Amino acid sequence: MTQRAAPIAAGSLAAQETVAARPPILEVRELKKYFPITRGFLSKVVGQVKAVDGVSFNVPVGTTLGLVGESGCGKTTTSRCILRAIQPTGGQVIFHDEQLGPVDVVSAGKETLRHLRLNMQMIFQDPFSSLNPRMTLLDIVGEPLVINKVARGREVEARVADLLRRVGLRPEYMRRYPHAFSGGQRQRIGIARALALNPRLVVADEPVSALDVSIQAQTLNLLQDLQEEFRLSYIFVAHDLSVVQHISDSVAVMYVGRLVETAPNEQLFFTPKHPYTEALLSSVRRPDPESKRERIVLEGDVPDPANPPSGCYFHPRCRYAQEICKAESPPLRQVAPTILRPAILPTN
């Protein structure tokens, strides 16, 4: 496993400010989530599924961290543990709150967690099942405001109307139900709901995977505009590397519950260091038909997180594997310096 640098620059924000100089809004330290395997009448625990196994990374203020990997690698579980939608087995998730200072989300009490969730929100993957079909847009987007006693009555309507405008929907739509909208419009509703409480950190769990390609581009551009406007920090969970390359400032690659590489956007996509990252990038299609790239086909299947291989989890599929890889799990280490300059975003 290799780790090359902390997240670096925010391409759409303050170009002269390096991310290295920014304080982190979130620090994840050795995060773990194990699910017990039970058998028999007494539900005896006979093993554990290590869905997340010692994940660590930082998210600087106002930046986007892309969390990528194959299906089942633990991306979504990691994101839900960060928000404590599910209780982690171990580790720390330090959120830097403006009022409370650094707070460990994992061990936070009920009242502290309620306060933290005002600043930590989630955009869900499926824009169809994530919206209650029996609620109007006013109820869906305004519900967080009412539950947290932030606004009521006409104040809720005014706030919902403003949020709908910001995500590209007409305010008069607030009396309609979700079935009246397309998939892209429903995802915009989900984004508006996530922004209702003015959060500082938004976890987006594959927010464009269920959308058409043209709608994906519009949604990504909207997320970038909102990030610049509200100075949001994103954790962007995805398996589409072309999407991650477009929106992320830094990227963390997961494999069977562990991080295998983290790097600034440009460094990871142009000079990957880990064999798994190299294989993932080789599968990305390029728009230039003349461009040639070696396609690396990984042999075998993804290991079972309940019974992972010894040593490096990737060694059964790695073309560079040596005998030591079967016995020892390589620790994360820095193998390349951080680039202290803004990321360059596509202009077309």
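For the structure, check the block above.
For clarity, every value in this text was computed on a predicted model and none was experimentally measured. (Residues numbered from 1 in each chain as written. Predicted model: local features only at pLDDT ≥ 70, side-chain atom pairs only at ≥ 80, totals over all residues. Heavy atoms only, no water.)

Draft legend 1. Focus on the nonpolar core. Membership of the largest hydrophobic core comes to 58 residues, with the highest contact counts inside it found for Ile189, Ile191, Leu226, Phe236 and Val253. Setting aside anything within four residues of it in sequence, one finds Val253 in contact with Val68, Arg258, Leu259, Val260, Glu261, Leu268, Tyr276, Thr277 and Leu280. Residues Val61, Phe95, Val103 and Met122 belong to the second largest nonpolar core, which totals 32 residues. (Core = buried A, V, L, I, M, F, W, Y, C linked by side-chain atoms within 4.5 Å. Buried < 20%, exposed > 50% of the residue type's maximum accessible area, 1.4 Å probe, protein only. Contact = heavy atoms within 4.5 Å.)

Draft legend 2. Representation of the sheet that holds strand S5 (residues 101-104) in the model. An order of S2-S1-S4-S5 is seen for the 4 strands of this open sheet, with the pairing classed as antiparallel. Two strands close off the open sheet at either side, each with one partner strand: strand S2 (44-60) and S5. Averaged over all adjacent pairs, the angle separating strand axes in this sheet is 25°, with direction ignored. Pairing of strand S1 (residues 24-39) with S2 involves 13 bridges; the strand directions are antiparallel. By the bridge assignment, Arg39 is partnered in S2 with Lys44. (Pairing = 2+ DSSP bridges. Helix = DSSP H or I, 4+ residues; strand = E, 2+ residues; numbered from the N terminus. Axes fitted to C-alpha atoms, helices over the stretch in contact; angles between N-to-C directions.)

Draft legend 3. Quick peek at the packing of aromatic side chains. This structure, assessed with the given rule, holds 4 aromatic pairs. Between Tyr255 and Phe314, the aromatic rings sit 5.2 Å apart at their centres with planes inclined by 90°, giving edge-to-face as the arrangement. Of this pair, Tyr255 sits in strand S9 (residues 250-255) while Phe314 sits in the segment after helix H9 (275-282), and the two are 59 residues apart along the sequence. A single burial state applies to Tyr255 and to Phe314, both of which are buried. Summarising the aromatic geometry, the rings of Tyr276 and Phe314 are spaced 5.5 Å apart at their centres and angled 65° between planes, so their arrangement reads as edge-to-face. With Tyr276 in helix H9 and Phe314 in the segment after H9, the pair connects residues that are 38 residues apart, well separated along the chain. Ring pairs connect the aromatic residues Tyr255, Tyr276 and Phe314, which therefore count as one cluster. For the cation-ring pair, Lys33 lies above Phe35, with the distance from its terminal atom to the ring centre recorded as 5.0 Å. Between Arg258 and the ring centre of Tyr313, over which it is positioned, the NZ or CZ distance is 4.0 Å. (Phe/Tyr/Trp six-rings, centres within 6.5 Å; stacked < 30°, edge-to-face > 60°. Lys NZ or Arg CZ within 6 Å of the ring centre and 35° of its normal.)

Draft legend 4. Structural detail: the side chain of Thr277. Structurally, Thr277 is set in helix H9. When near neighbours in sequence (up to four residues on either side) are disregarded, Thr277 contacts Val253, Val260, Glu261, Leu268 and Pro272.

Draft legend 5. Region of the structure containing the sheet that holds S9. If you walk across this open sheet you meet the 6 strands as S6-S7-S8-S3-S9-S10, and the pairing is mixed. Bordering the open sheet on either side are strand S6 (120-123) and strand S10 (258-264), each of which pairs with just one other strand. On average, each strand axis in the sheet is tilted by 20° relative to the strand beside it, whichever way the strands run. Where strand S3 (residues 64-68) meets strand S8 (residues 233-237), 4 bridges bridge the pair, whose relative direction is parallel. Paired with Gly66 across the strands is Phe236, a residue of S8. Running at roughly 150° to S8, helix H1 (residues 75-82) makes contact with S3, S6, strand S7 (201-205), S8 and S9 of the sheet. In this fold helix H5 (residues 183-195) packs onto S6 and S7, with an angle of close to 175° to the strand it touches most, S6.

Draft legend 6. The environment of Phe230, seen in detail. By the element assignment, Phe230 lies in helix H6 (residues 213-230). Here the alpha-carbon distance between Phe230 and Asn198, two residues 32 residues apart in the chain, equals 8.0 Å. Each residue touching Phe230, except ones within four places of it in the same chain, is listed here: Arg166 and Leu195.

Draft legend 7. A look at the pairing of S7. Of all 5 residues making up S7, 5 are buried, and the element is well covered by its neighbours. Where burial is concerned, the two faces of S7 agree: the one with Leu201, Val203 and Asp205 and the one with Val202 and Ala204 are both buried. Where S6 and S7 come together, 4 bridges link them in parallel fashion. Paired with Gln121 across the bridge in S7 is Val202. Pairing of S7 with S8, which is carried by 5 bridges, proceeds in the parallel orientation. Among the inter-strand pairings, Val202 is bridged to a residue of S8, identified as Tyr234. With H6 bridging S7 and the parallel S8, this β-α-β connection has right-handed handedness. (Right-handed = clockwise from strand over helix to strand, strands pointing away.)

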